[in-house]
Amino acid sequence: FSLYLAADCNAVLKALQPIFQEQGMTETVHNWEDHGYLATYIKKNGSFANLRIHPHGLVLVDLQSYNDHMKGRQEVDQLLNKVEERMKELFHGNIKRVKRLPAILRGGVIDRYWPTADGRLVEYDIDEVVYDEDSPFQNIKILHSKQFGNILILSGDVNLAESDLAYTHAIMGSGKEDYTGKEVLILGGGDGGILYEIVKLKPKMVTMVEISFDKSSNIDQMVIDGCRKYMRKTCGDVLDNLKGECYQVLIEDCIPVLKRYAKEGRMFDYVINDLTAVPISTSPEEDSTWEFLRLILDLSMKVLKQDGKYFTQGNCINLTDALTLYEEQLSRLYCPVEFSKETVCVPSYMELWVFYTIWKKQTDI
């Protein structure tokens, strides 16, 4: 409750006490003089409530209880309804705002709470754990969402859902590129979505390098195995075999592969980096993920044709400092480059995501 006026802490406490006492809850009150009151109410079944009264006009009620049935939830709602009614009687029209947040369910069989890239907590409509395994590199989860279908989550980061074709199209150039007869290199992409969409466009050959042993890559064989079985709306049948008419999947560390291609002089029309997002860290000289990212960029430029394009994800649009630092790194590559970027709404991310197109700067002859 946010009030228009200062709160008489003692009056608020006396007004709300009977509501908790009716529930058979034991009261303990702490008074910090100028800093208000904290009253705790504990029930025999372990349920408890905290009533925090701030003198400047803020009253907070937190209620925790173990309820795994509808009746228990109704009892909680009834108690909070009584608190709200009594506060309105006490302050008449002097309540600026009443905000009741939905219950957070802790310790459930299904974890529905996952953070966005910029640190906001999102509750997903998860109703099933489809796959949950630990590889030598990370935890791999595939959870089912009523809205987004199956969602791939790697070590707590939402990677891709079956709903997220917008992500795949954006990291391929948003439909502006002609992949017909082209040589394409995909770094990462363990969900198979990029490979599946490009194969439809009749490229000459797509090479997907599917594993890097750098901790920041978030890709390994078990990701492929899980997605092949449970993300088929995203990957189709391209992960069923490591080779097809116009593609091959290499289960190797991408850095030695890139170095080998550069030494052999092998060149690609497109390089698509789906290994990792731009790091959130703003210390690029100290963070190993930034070091890995710069190495991948330099090696990728060495295997990219002069008129080729490099596509990659950035990060959440709100992480402006990290994105700016990434763009600064582009000026430090072995060759001069130019870039453009676009912002796309990725459904399961519940935030706007930035994607980059990078190409070698053309020099006048």
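Source: prediction; values computed, not measured.

A. The overall build of the protein chain, seen in detail. Looking only at helices and strands, the protein chain has nine helices and 19 strands in total. Relative to the compact-globule value of 21 Å for 365 residues, the protein chain shows a C-alpha radius of gyration of 27 Å, a clear excess of over 25%. Residue burial in the protein chain is summarised as follows: out of 365 residues, 48% are buried. Summarising the internal contacts of the protein chain: among those between residues at least 6 apart in sequence, 59% fall at separations of at least 24. Summed over its atoms, the accessible surface of the protein chain is roughly 18700 Å², and 49% of this surface lies on carbon and sulfur atoms. Positive and negative side-chain charges in the protein chain, numbering 41 and 54 respectively, have mean positions lying 2 Å apart.

B. Examining the packing of aromatic side chains more closely. Applying the stated criterion across every chain, the model contains 11 aromatic pairs. Look at Tyr167 and Phe355: their rings are 5.2 Å apart centre to centre, the planes differ by 70°, and that puts the pair in the edge-to-face class. Residue Tyr167 is found in helix 3 (residues 165-170), and its partner Phe355 is found in strand 19 (residues 351-360); the two are separated by 188 residues along the sequence. The buried category is assigned to Tyr167, whose relative accessible area is 3%. Geometrically, the ring pair formed by Tyr270 and Phe311 is stacked, given 6.0 Å between the ring centres and 15° between the ring planes. In this pair, Tyr270 is assigned in strand 16 (residues 268-274) and Phe311 in strand 17 (residues 304-316), connecting sequence segments 41 residues apart. Here the two residues Tyr270 and Phe311 agree in accessibility, since each one is buried. An aromatic cluster is present here, built from Tyr167, Tyr349, Trp353 and Phe355 joined pairwise through their rings. When the ring centre of Tyr261 is taken as origin, the NZ or CZ atom of Arg266, which lies over that ring, is 4.7 Å away.

C. Geometry of the environment of Leu304. With respect to the secondary-structure elements, Leu304 resides in strand 17. Once you skip the residues sitting within four places of it in the chain, Leu304 turns out to touch Met267, Phe268, Asp269, Tyr270, Val271, Lys309, Tyr310, Ile358 and Lys360.

D. Representation of the sheet that holds strand 11 (residues 149-154). What the four strands build is an open sheet, ordered 9-10-11-12; its pairing is antiparallel. Pairing within the sheet leaves two strands with one partner each, and these edge strands are strand 9 (126-134) and strand 12 (157-161). Taking the axes of each pair of neighbouring strands and ignoring which way they run, one obtains an average angle of 25° across the sheet. On top of the sheet, helix 5 (residues 221-230) reaches strand 9, strand 10 (139-145) and strand 11; it is set at about 145° to strand 9, its chief contact.

E. Inspection of the domain arrangement of the protein chain at higher detail. Examined at the domain level, the protein chain breaks down into domain 1 (2-97) and domain 2 (162-360). The gap between the C-alpha centroids of domain 1 and domain 2 is 52 Å.

F. Molecular detail of the side chain of Thr234. Secondary-structure assignment places Thr234 in helix 6 (residues 232-235). Residue class for Thr234 comes out buried when judged on its relative accessible area of 9%.

G. Geometry of the UniProt feature "active site" (unreviewed entry) in the protein chain. Per the UniProt entry, the sites bearing "active site" (unreviewed entry) are Asp274 in this numbering. Within the secondary structure layout, Asp274 lies in strand 16. A relative accessible area of 9% places Asp274 in the buried class. For Asp274, the residues in contact, after removing those within four places along its chain, are Tyr167, Ile171, Leu187, Gly188, Gly189, Asp191, Ile194 and Gln313.

Parameters and conventions
- Residues numbered from 1 in each chain as written.
- Predicted model: local features only at pLDDT ≥ 70, side-chain atom pairs only at ≥ 80, totals over all residues.
- Heavy atoms only, no water.
- Helix = DSSP H or I, 4+ residues; strand = E, 2+ residues; numbered from the N terminus.
- Rg over C-alpha atoms; globule rule 2.2 N^0.38 Å.
- Buried < 20%, exposed > 50% of the residue type's maximum accessible area, 1.4 Å probe, protein only.
- Contact = heavy atoms within 4.5 Å.
- Areas by Shrake-Rupley, 256 points an atom, 1.4 Å probe, with all protein chains shown as cover.
- Lys, Arg positive; Asp, Glu negative; His and termini not counted.
- Charge placed at Lys NZ, Arg CZ, Asp CG, Glu CD.
- Phe/Tyr/Trp six-rings, centres within 6.5 Å; stacked < 30°, edge-to-face > 60°.
- Lys NZ or Arg CZ within 6 Å of the ring centre and 35° of its normal.
- Pairing = 2+ DSSP bridges.
- Axes fitted to C-alpha atoms, helices over the stretch in contact; angles between N-to-C directions.
- Domains from an automatic or database assignment.
- UniProt positions renumbered as here; feature names shortened; annotations may be inferred.

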